[in-house]
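Chain residues, written in single-letter form:
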Amino acid sequence: MQKKDADYEMLKKLIHQKLGFNCEQYKDSHFKRRIDVRLRATNSKTYGEYVACLQTDRNEFPELMETLTVNVTNFFRNPEVYDVIEKQVLPAIIKAKSTGLRSIRIWSAGCSIGVEAYSIAMLLKHLLGDDFKRYSIKITGTDIDKESLARAQRGVYSRMEVKDVRPAFLNKFFTKEGNDYVINDELKKITQFKKQDLISGPKMSGFDAVFCRNVTIYFEKELQEKLYMDFYNALSKDGFFVMGKTETLLGPSKDTFKPFNSKERIYQK
Ligand SMILES: C[S@@+](CC[C@H](N)C(=O)[O-])C[C@H]1O[C@@H](n2cnc3c(N)ncnc32)[C@H](O)[C@@H]1O
């Protein structure tokens with residue numbers, strides 16, 4: 001495959017213009033690997049041929065977006081992390097919020113099709129039981145991929161997609177419609193999904209926990225450093241930051257966050 005050339009640069013510009021995807025901030029190795037998937041799929045031998053294909057085939061941009069964003073996700077991804085979230089993180093948040101406004105705010109950054117947000121919602125409902133209604137809970141999922149966000153909003157999943165949901169939760173929190181599993185309204189009501197680019201979007205604040213898992217691995221080191229501080233600033237006092245199992249704090253965030261459970265990549269403000 002060609003190395004850096006004028007066509008490759010042109011392709012990056014086109015992707016930025018048409019998809020709003022800022023290629024410069026992603027690791028080149030990741031980026032090229034993903035684009036090469038589409039080159040092979042469209043039988044393009046060079047980046048130039050692929051640019052021509054993008055300009056003539058209107059179905060290709062959505063395909064490329066899907067390939068670039070890598071939406072792979074799972075309910076309760078890395079169960080050992082969710083074990084700590086269920087037994088320690090959420091109970092600590094609930095305890096801290098048990099008086100006053102009882103407001104709990106959680107951000108799933110890079111939420112893909114919403115299963116991280118719904119996993120947290122299920123755990124909160126499970127832990128709070130009848131007290132659930134006494135709390136004002138909002139779980140916000142953000143992503144740059146419109147298609148994934150539309151799926152998150154619908155909350156409809158296949159049998160395969162819900163395979164890691166424990167049976168009791170599947171019964172309690174989903175309604176079966178044909179072959180699909182639909183998230184119950186009670187959980188939908190406390191979640192919201194919106195399009196937001198972590199790189200160029202507005203800065204967020206006031207969260208009791210921020211989950212950003214398996215998103216920053218594709219970003220350049222400097223950007224990761226910056227984003228980890230953005231997440232720190234998005235948290236309220238004592239708020240929790242949960243990152244992906246293969247991700248590590250970098251730069252100033254290393255000394256700013258307190259480790260809560262380093263093995264499971266959970267930190268605290
Ligand atoms: C592999 S999924 C991770 C989903 C979920 N957090 C998990 O761990 O299962 C990565 C998600 O990050 C999103 N993403 C990539 N770059 C982004 C950006 N700049 N801003 C917001 N979301 C982004 C992708 O669209 C994709 O849905």
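Enquirer: Mind laying out the overall build of the chain, listing which residues take part and the relevant values?
Expert: Counting its secondary structure elements, the chain contains eleven helices and ten strands. A compact globule built from 269 residues would reach a C-alpha radius of gyration of about 18 Å, and the chain, at 20 Å, matches this within 12%. The principal-axis extent of the C-alpha atoms belonging to the chain is close to 60 × 50 × 30 Å. Every one of the 269 residues in the chain was classed for burial, and the buried ones make up 35%. Nonlocal contacts in the chain, meaning residues at least 24 apart in sequence, comprise 74% of its contacts between residues at least 6 apart.

Enquirer: Outline the sheet that holds strand S3 (residues 156–157), listing residues and values.
Expert: Spatially, the three strands line up as an open sheet ordered S3-S5-S4, and their pairing is antiparallel. Looking along the sheet, the strands with just one partner apiece sit at the ends: S3 and strand S4 (174–177). Across four bridges, S4 lies against strand S5 (residues 180–183) in antiparallel orientation. Directly across from Lys 176, in S5, lies its bridge partner Tyr 181.

Enquirer: Just give me the short version of the sheet that holds strand S1 (residues 103–109), but keep the residues and values in it.
Expert: Spatially, the seven strands line up as an open sheet ordered S6-S2-S1-S7-S8-S10-S9, and their pairing is mixed. Taken across any chain shown, the strands that pair with only one partner, and hence form the sheet edges, are strand S6 (191–195) and strand S9 (258–261). Averaged over all pairs of adjacent strands, the angle between strand axes in this sheet comes to 20°, irrespective of strand direction. Strands S1, strand S2 (136–143), S6 and strand S7 (207–212) of the sheet are contacted by helix H6 (residues 115–128), whose axis makes an angle of about 165° with S2.

Enquirer: So what about the domain arrangement of the chain? Which residues, and what values?
Expert: Under the domain assignment used here, the chain contains domain 1 (6–69) and domain 2 (79–268). Taken together, the contact between domain 1 and domain 2 spans ten residues of the former and ten residues of the latter. By residue number, the principal contributor to the side of domain 1 that touches domain 2 is helix H4 (residues 60–69), which donates three residues. Among the residues forming the side of domain 1 that touches domain 2, the class breakdown is three nonpolar, five polar and two charged.

Enquirer: A description of the environment of Gly 206 should follow, citing residues and the corresponding values.
Expert: Within the secondary structure, Gly 206 is located in the loop between S6 and S7. On a C-alpha basis, the gap between Gly 206 and Trp 107 in space is 9.6 Å, while along the polypeptide they are 99 residues apart. Apart from residues no more than four positions distant in its own chain, Gly 206 is found in contact with Arg 105 and Ser 236.

Enquirer: Describe the packing of helix H1 (residues 6–19) against helix H3 (residues 47–56), listing the residues and the values that go with them.
Expert: At their nearest, the axes of H1 and H3 sit 8 Å apart, and the two run at 30° to each other. Considered as vectors, H1 and H3 are oriented roughly parallel to each other. The hand of the H1/H3 crossing is left-handed. Between H1 and H3, the residues in contact are Asp 7, Tyr 8, Met 10, Leu 11 and Leu 14 and Tyr 47, Gly 48, Tyr 50, Val 51 and Leu 54, respectively.

Enquirer: Could you give an account of H4, naming the residues involved and the relevant values?
Expert: Of the positions making up H4, those classed as buried are Leu 64, Met 65, Leu 68 and Thr 69. Around the axis of H4, the buried residues are gathered within 120° of arc, so they sit on the same side. The inward-facing, buried residues of H4 contact H1 and helix H2 (28–41).

Enquirer: Kindly report on the nonpolar core, identifying the contributing residues and their values.
Expert: Counting 54 residues, the largest nonpolar core has Ala 121, Ala 209, Val 210, Phe 231, Phe 241 and Val 242 as the members making the most contacts within it. Per-element accounting of this core gives the leading share, seven residues, to H6. Contact partners of Ala 209, with chain neighbours within four places excluded, come to Val 89, Ile 93, Ile 106, Gly 239, Phe 240 and Val 242. Tyr 47, Leu 54, Leu 64 and Met 65 belong to the second largest nonpolar core, which has eleven residues in total.

Enquirer: Explain the environment of Lys 172 residue by residue, including any values.
Expert: Counting through the fold element by element, Lys 172 comes out in helix H8 (residues 167–173). Separated by 50 residues in sequence, Lys 172 and Met 122 place their C-alpha atoms 9.2 Å apart.

Enquirer: For the site of the ligand, give the residues involved together with the corresponding values.
Expert: The full set close to the ligand counts 20 residues, and Thr 69, Thr 73, Gly 110, Ser 112 and Arg 213 are the nearest of them. When the residues that make up the shell around the ligand are grouped by side-chain class, the tally is six nonpolar, eight polar and six charged.

Enquirer: I'd like to hear about the packing of helix H5 (residues 79–96) against H6, residue by residue, with values.
Expert: In the contact formed by H5 and H6, the axes pass within 10 Å of each other and the chain directions differ by 60°. Classed by the angle they form, the pair H5 and H6 counts as oblique. Seen along the crossing, H5 lies across H6 with a hand that is right-handed. Within the contact between the two elements, H5 uses Tyr 82, Ile 85, Glu 86, Leu 90, Pro 91 and Ile 94 and H6 uses Ser 119, Leu 123, Leu 124, Leu 127 and Leu 128. In the contact of H5 with H6, the residues fall into nine nonpolar, one polar and one charged.

Basis of the calculations
Residues numbered from 1 in each chain as written. Predicted model: local features only at pLDDT ≥ 70, side-chain atom pairs only at ≥ 80, totals over all residues. Helix = DSSP H or I, 4+ residues; strand = E, 2+ residues; numbered from the N terminus. Rg over C-alpha atoms; globule rule 2.2 N^0.38 Å. Buried ≥ 20, exposed ≤ 12 C-beta atoms within 10 Å, placed from the backbone. Contact = placed C-beta atoms within 7 Å. Pairing = 2+ DSSP bridges. Axes fitted to C-alpha atoms, helices over the stretch in contact; angles between N-to-C directions. Domains from an automatic or database assignment. Nonpolar A, V, L, I, M, F, W, Y, C, P; charged D, E, K, R; others polar. Parallel < 35°, antiparallel > 145°, perpendicular 65-115°, else oblique. Left-handed = near helix turned anticlockwise from the far one by under 90°. Arc of directions from axis to C-beta. Core = buried A, V, L, I, M, F, W, Y, C linked by C-beta atoms within 7 Å. Near = placed C-beta within 6 Å.

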